[in-house]
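# A structural walkthrough
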Number of protein chains: 2
Amino acid sequence: MIKQLTIIGVGLIGGSLARALREAGAVGEVVGTGRHVAHLQQAQKLGVIDRYTTDLAAAVQGADMVLLAVPVGAMEVVLRTIAPQLPAEAVLTDAGSTKGSVIEAVRRAFGELPANFVPGHPIAGTENSGVEASFADLYRDRRVILTPTEACSADAVTRVREMWQAAGAEVTEMDAEHHDRVLAATSHLPHLLAFALVDTLAKMDDKQEIFAYAAGGFRDFTRIASSDPKMWRDICMHNEPALLAMLDCFEADLKRLREAIAHDDGDYLLEVFSHAKAARDRFCDNE
Amino acid sequence: MIKQLTIIGVGLIGGSLARALREAGAVGEVVGTGRHVAHLQQAQKLGVIDRYTTDLAAAVQGADMVLLAVPVGAMEVVLRTIAPQLPAEAVLTDAGSTKGSVIEAVRRAFGELPANFVPGHPIAGTENSGVEASFADLYRDRRVILTPTEACSADAVTRVREMWQAAGAEVTEMDAEHHDRVLAATSHLPHLLAFALVDTLAKMDDKQEIFAYAAGGFRDFTRIASSDPKMWRDICMHNEPALLAMLDCFEADLKRLREAIAHDDGDYLLEVFSHAKAARDRFCDNE
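Residues numbered from 1 in each chain as written. Chains lettered and ligands numbered in written order. Predicted model: local features only at pLDDT ≥ 70, side-chain atom pairs only at ≥ 80, totals over all residues.

## Points about the sheet that holds strand β1 (residues 2-8) of chain A
Strand pairing in a sheet relies on backbone hydrogen bonds. The paired strands run either parallel or antiparallel. Residues and elements named next belong to chain A. The 6 strands lie next to each other as β3-β2-β1-β4-β5-β6, forming an open sheet whose pairing is parallel. Of all the strands in the sheet, the pair left with one neighbour each is β3 (51-53) and β6 (117-118). One ladder, built from 3 bridges, connects strand β2 (residues 27-33) with β3; its direction is parallel. By the bridge assignment for β3, valine 31 is matched with arginine 51. With respect to the sheet, helix α6 (residues 154-166) is in contact with β1, β4 (65-68), β5 (91-94) and β6, its orientation differing from that of β5 by roughly 55°. (Pairing = 2+ DSSP bridges. Helix = DSSP H or I, 4+ residues; strand = E, 2+ residues; numbered from the N terminus. Contact = placed C-beta atoms within 7 Å. Axes fitted to C-alpha atoms, helices over the stretch in contact; angles between N-to-C directions.)

Listed below in structure tokens is the structure:
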């Protein structure tokens, strides 16, 4: 049971956690904080938070759990503000999509890695954002990855694990570098490709007509290009090494496919497409 | 009203048209033909076709409308077989995803472009295939593009247009080259990228783990990688110039994004991502 949960950044991610913990009876008071009073008022009106303040330092007072749910590019500034004020008994966790960069931001803000800081990443979300889009079941049967540092206390990890489990999630652990590589592959690179493709087409002279003939497959493929541009700029910049490594692999494979098309090498195309279909059907069979 | 519709290749596309025309009372007899007796038997059992034969020449006898719905790579062989047998009063149309290559195949098979041949492409489909996946509403409010040649008779175009309208589709016309460029952008390139990405990830050492953490966005993005590999091999090979031109534009844009990430150029990333989101939200707003 969490007595006071302070959520820094009450949007889709933070708001959905608050809703889920309330439904589960796993939280006492929920305090929201952030830069925009209107968003916080809206969160209170929706019953997502009990009270709010735009004063970060005041918001963490009395908290036994603090969730940092701001874009990864905004984390260091927030961390520097709360570091001197964080109660000794409070566990600090985050919901950032990149983990290496958040850990480094914490190290810089606190001067060291605190024992009560547990990096985390809920693998959930939609292309919508904002507290209005939040819902209690967002984490139901979804995975949350924790990437504990060498400094983490076992108790802090347990408390964060139990929080996400109370929200319905399945919690696993891996090291931060591995997390960043896996997420570059399954999330960051696909978003980059979707944004890039839509931008390429939107620059064409006959873009009106091009999009007019876009069918279901295109809509599915580009849905993630409707995601928050600032959030994804931050993610790309904060997971640079893993993302660029994955992009290089992809580009090399795409180059080989290009050569196969140019040289009428149908066997190679069929081999790659069949391999991809088999992998996709095997790993995504629970739709 | 079509008296006898002969469908060559009774799968998702041909089967769904037969179902739609039956529901609309717009067809008398539906004759199915293809290579696989088991598929044709299944189509008859499902009530999609009235009768079948694996003899292509016999199948087109008595037809006033012939739909060619085989993979674009199989069209020329089929066309060469039916060319000497096609009744003078029959209109021939196709459902191929590429149009320039089909028109050339018809020209080679018939020695010239017949007045009663109307190239067509229904912009509909799912990642599933086969007659079992067919349904009457597949074309409801979807677009069908006809790309009439200079040889086309106006009457033949009208008859094909009315057939697709009876199935619920909105029919438009454009020239074949333009069609191939538009479809390369919105369909062929996205499929190539989805196949390429899944194949890239499936080759990684930790692929089990990578796919285990794939969330909703990845599933949407890669859904089209579950499409029929042979069909997509054929499409890539039969729309080579337009597809490679579009791929080159995309790769150049992706290269610029890579440089922006490598050089911490957040402004450029934000500009591209915002542009893409705005275009995607504007053009795909009817979800």
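Next comes the rest of the account.
## Here we look at the sheet that holds strand β7 (residues 120-122) of chain A
All names here are of chain A. Pairing in this open sheet of 3 strands is mixed, and the strands run β7-β8-β9 from one edge to the other. Strand pairing shows two members of the sheet lacking a second neighbour, β7 and β9 (170-173), which therefore form its edges. On average, each strand axis in the sheet is inclined to that of its neighbour by 20°, with strand direction left out of account. Direction of pairing for strand β8 (residues 143-146) relative to β9: parallel, over a ladder of 4 bridges. Bridging across to β9, isoleucine 145 finds its partner in threonine 172.

## Some details on the relation of the copies chain B and chain A
Here two copies of a chain appear, and what relates them is a rotation about an axis with a shift along it. For these two chains of identical sequence, chain B goes onto chain A by a turn of 180° and a shift of 0.0 Å along the axis, with RMSD 0.0 Å. Both copies are brought into coincidence by an operation consistent with a two-fold rotation axis. If distances are taken from each C-alpha of chain B to the rotation axis, the shortest is found for B:Phe221, at 2.0 Å. Taken together, the interface assignments show that 100% of the residues at the interface of chain B recur at the interface of chain A, consistent with an identical surface on both copies. (Least-squares fit on C-alpha atoms with pLDDT ≥ 70 in both.)

## Section: the confidence of the model for chain A
Here chain A averages 94 in pLDDT, and 99% of its residues register 70 or above. Interface predicted TM-score (ipTM) for the complex: 0.89; the corresponding pTM is 0.89. (pLDDT = per-residue confidence, 0-100.)

## Quick word on the pairing of β4(A)
Residues and elements named next belong to chain A. Taking every second residue as pointing to the same face, both faces of β4 are buried, with Met65 and Leu67 on one and Val66 and Leu68 on the other. Of the strand pairs in this sheet, β1 and β4 are connected by 4 bridges, and their pairing is parallel. Within β4, the residue paired with leucine 5 across the bridge is methionine 65. Considered for its hand, the β-α-β crossover made up of β4, helix α4 (residues 75-82) and β5 is right-handed. (Buried ≥ 20, exposed ≤ 12 C-beta atoms within 10 Å, placed from the backbone. Right-handed = clockwise from strand over helix to strand, strands pointing away.)

## A word on the domain arrangement of chain A
For an interface, size is often stated in terms of accessible area lost upon the parts coming together. All names here are of chain A. If you check the domain split of chain A, you get domain 1 (2-174) and domain 2 (178-283). For domain 1 versus domain 2, the distance between C-alpha centres works out to 30 Å. The residue inventory of the side of domain 1 that touches domain 2, partitioned by class, reads 4 nonpolar, 8 polar and 2 charged. (Domains from an automatic or database assignment. Nonpolar A, V, L, I, M, F, W, Y, C, P; charged D, E, K, R; others polar.)

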